[in-house]
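If you want the building blocks of each chain, they are given just below.
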Amino acid sequence: MTHTKEICFLALILSRADIQRCLSMAEAIEAMRSAFGALSGGQAQAPQRMGVSLSEQGTALLMPSLLQTMGQHAFGLKVVTFMPRNPLRNLPRIFATVLLLDATTGKTQAILEGGWLTAMRTGAVSGLATSLLARQDSDILALFGAGVQAPMQVLAIHTVRPLREVRVVNRNDEHYQQLVTNLHALLGPTCPPIHRAASASEALEGALLVACATSAAAPLFRWSEVTPGAHINAIGAFTPEMCEVDAETLAHARIVVDERESALVEAGDLIQALATGRITGSETWIELGELVREVQPGRQEQEEVTFFKSVGIAVQDVAVALRVYSRARELGIGIDVDI
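Presented here is a report on the structure given in the accompanying data block. Keep in mind that this is a model prediction, so the values were computed, not measured. (Residues numbered from 1 in each chain as written. Predicted model: local features only at pLDDT ≥ 70, side-chain atom pairs only at ≥ 80, totals over all residues. Heavy atoms only, no water.)

## Quick look at the pattern of salt bridges
Any two side chains of opposite charge can pair, so long as their charged atoms come close to each other.
(1) Moving on: Evaluated as defined, the whole model comprises 20 salt bridges.
(2) Moving on: A salt bridge links Glu-27 to Arg-327, with the shortest nitrogen-to-oxygen separation between them at 3.0 Å. Placement of the pair is Glu-27 in helix α2 (residues 25-40) and Arg-327 in helix α11 (residues 314-331), with a sequence separation of 300 residues.
(3) Moving on: According to the relative accessible area criterion, Glu-27 is partly exposed, its value standing at 22%.
(4) Moving on: In this structure Arg-327 comes out as partly exposed when scored by relative accessible area, which is 28%.
(5) Moving on: Between Arg-196 and Asp-173 there is a salt bridge; the shortest N-O distance is 2.6 Å. Taken together, the residues span a long stretch of sequence, with Arg-196 in strand β10 (residues 194-196) and Asp-173 in helix α5 (residues 173-187) at a distance of 23 residues.
(6) Moving on: For Asp-173, a relative accessible area of 52% translates into the label exposed.
(7) Moving on: One salt-bridge network, in which partners are shared between bridges, spans Glu-27, Arg-327 and Glu-330. (Salt bridge = Lys/Arg side-chain N within 4 Å of Asp/Glu carboxyl O. Helix = DSSP H or I, 4+ residues; strand = E, 2+ residues; numbered from the N terminus. Buried < 20%, exposed > 50% of the residue type's maximum accessible area, 1.4 Å probe, protein only.)

## Here we look at α2
(1) Moving on: Here α2 contains 16 residues, and its C-alpha end-to-end distance of 22 Å stays within 8% of the 22 Å for a straight helix at 1.5 Å per residue.
(2) Moving on: Turning to α2, its buried residues are Met-25, Ala-28, Ile-29, Ala-31, Met-32, Ala-35, Phe-36, Gly-37, Ala-38 and Leu-39.
(3) Moving on: Of the surrounding elements, those touching the buried residues of α2 are β2 (44-45), β4 (59-69), α3 (114-133), α4 (150-160), α10 (288-292) and α11.
(4) Moving on: Gly-42 occupies a position one or two residues after α2 and carries a positive phi of about 80°. (Expected span 1.5 Å × (residues − 1). Contact = heavy atoms within 4.5 Å.)

## Thoughts on the layout of surface pockets
(1) Moving on: Size it by volume and the second largest pocket reaches roughly 230 Å³.
(2) Moving on: Lining the second largest pocket are 13 residues, and of these Gln-72, Ala-319, Leu-322, Arg-323 and Ser-326 sit closest to its centre.
(3) Moving on: When contributions to the lining of the second largest pocket are tallied by element, the ones reaching two or more residues are α2, β4 and α11.
(4) Moving on: The leading source of residues in the lining of the second largest pocket is α11, at five residues. (1 Å grid on protein atoms, 1.4 Å probe; cavity = no way out; pocket = protein on both sides within 12 Å on 5 of 7 lines; lining within 4 Å. Points joined across faces, edges and corners; volume = space filled by probe spheres on them.)

## Remarks on the sheet that holds strand β12 (residues 231-234)
(1) Moving on: Here eight strands make up an open sheet; going across it, the order is β10-β9-β8-β11-β12-β15-β13-β14 and the pairing parallel. The open sheet has two free edges, formed respectively by β10 and β14 (286-287), since each of these has just one partner strand.
(2) Moving on: Inspection of the sheet shows strand β8 (residues 140-144) paired to strand β9 (residues 165-169) by five bridges, in the parallel sense. Within the sheet, the bridge partner assigned to Phe-144 lies in β9 and is Val-169.
(3) Moving on: Here α3 sits on the sheet in contact with β11 (209-212), β12, β13 (254-257) and β15 (306-309), set at roughly 160° to β12. (Pairing = 2+ DSSP bridges. Axes fitted to C-alpha atoms, helices over the stretch in contact; angles between N-to-C directions.)

## Notes on the packing of α2 against α11
The geometry of a pair of packed helices is captured by two quantities: the angle between their axes and the separation between those axes.
(1) Moving on: Put simply, α2 and α11 touch, their axes get as near as 9 Å, and they point 130° apart. One finds that α2 runs oblique with respect to α11. Between α2 and α11 the crossing geometry is right-handed. Taking contact as the criterion, the partners of Glu-27, Ala-28, Glu-30, Ala-31, Met-32, Ala-35, Phe-36 and Leu-39 in α2 are, on α11, Val-315, Gln-316, Ala-319, Val-320, Arg-323 and Arg-327.
(2) Moving on: Broken down by class, the residue content of the contact of α2 with α11 amounts to nine nonpolar, one polar and four charged. (Parallel < 35°, antiparallel > 145°, perpendicular 65-115°, else oblique. Left-handed = near helix turned anticlockwise from the far one by under 90°. Nonpolar A, V, L, I, M, F, W, Y, C, P; charged D, E, K, R; others polar.)

## Comments concerning the side chain of Glu-287
(1) Moving on: When you line up the elements, Glu-287 lands in strand β14.
(2) Moving on: Judged by its relative accessible area of 17%, Glu-287 is buried.
(3) Moving on: In terms of polar contacts, Glu-287 uses its side chain to reach the backbone amide nitrogen of Arg-260, at 2.9 Å.
(4) Moving on: Setting aside residues no more than four positions away along its own chain, Glu-287 makes contact with Val-256, Val-257, Asp-258, Glu-259 and Arg-260. (Polar contact = N/O pair within 3.5 Å; in protein donor to acceptor, adjacent residues only side chain to side chain.)

## Some thoughts on the packing of α2 against α3
(1) Moving on: The geometry of α2 relative to α3 is characterised by a closest axis approach of 8 Å and an angle of 75° between their N-to-C directions. Taken together, the axes of α2 and α3 lie roughly perpendicular to each other. Where α2 approaches α3, its residues Met-25, Ala-28, Ile-29, Met-32, Arg-33 and Phe-36 are matched on the opposing element by Met-120, Arg-121, Gly-123, Ala-124, Val-125, Gly-127, Leu-128, Ser-131 and Leu-132.
(2) Moving on: The residue makeup of the contact of α2 with α3, split by class, is ten nonpolar, three polar and two charged.

## Side note on empty space enclosed by the protein
(1) Moving on: A full pass over the atoms with the stated rule returns one cavity of 30 Å³ or more.
(2) Moving on: Contributing to the lining of the largest cavity are Ala-46, Pro-47, Gln-48, Arg-49, Met-63, Glu-259, Ser-262, Glu-266, Gly-312, Ile-313 and Ala-314.
(3) Moving on: In the lining of the largest cavity, the residues fall into five nonpolar, three polar and three charged.

By themselves, these observations are geometric and do not establish any function.
What follows is the structure, encoded as structure tokens:
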């Protein structure tokens with residue numbers, strides 16, 4: 001009688017706490033540098049996200065990507081669900097999970113909690129853009145929004161341009177207080193003074209760094225309020241109907257995007273400005289990967305205003321997931337399951 005040996009295929013399950021132990025913001029920024037360099041150099045694929053309608057007006061977004069860099073071939077799929085009625089169940093509106101596979105064998109390597117990964121990679125891409133575009137003397141940040149993404153925007157920018165002041169413009173008192181608490185926890189003794197500005201004009205005066213992380217449908221400030229030489233990161237306005245930055249500001253700024261194709265589909269600020277003829281076509285926009293690969297130069301003049309627009313692409317998720325997986329294996333973190 002012959003026996004067939006059963007082969008075990010172990011995949012690593014990584015929780016939010018596990019991921020937090022395995023990834024610093026500086027490491028996430030370097031992962032973004034690798035990801036966007038690979039995308040620009042033809043070593044990555046990131047198809048447009050696909051949406052599926054769920055019950056109770058819910059939505060599932062599927063974001064696949066292939067990353068081939070430094071001898072590693074990884075395929076990832078992030079699934080994000082948005083369920084508007086979840087608060088009635090005492091559940092978050094949004095859940096996210098990232099599946100990481102070896103692209104050579106097809107073997108599942110890891111299943112990762114996607115919320116923290118998404119926040120880190122969204123902050124990290126702003127950190128990367130800031131490192132490539134902001135003036136070296138930039139140390140005052142005007143932050144619009146105090147929601148989920150705001151703390152990571154500050155952490156990432158502070159990582160590459162140490163801040164001496166953060167000015168916050170937002171509407172919700174509770175969100176502002178939570179933001180202050182989170183920033184002190186994240187930054188510890190390096191946390192700069194934080195205060196709430198009474199207006200956009202007050203926040204922007206003398207600020208060479210601007211971060212927009214809102215769901216605004218109308219511009220948050222005017223071109224006349226922007227300090228010459230400022231760098232603006234905009235990571236909200238991820239649908240054609242949304243808008244954080246006005247067309248006049250975009251017309252005066254040097255525009256950089258994460259990916260032209262995605263920006264033309266989802267970046268409300270740019271789509272609306274294009275429709276009114278206030279800015280030129282996407283062929284004049286620079287992709288972040290072109291800056292990473294030095295195909296295009298970074299900041300060219302001290303007084304130049306630069307604008308970076310990110311709608312988020314799946315190659316970011318694969319890049320940070322790969323970093324986390326490698327570190328978790330080194331540290332012996334997570335739970336192995338036979339699948």
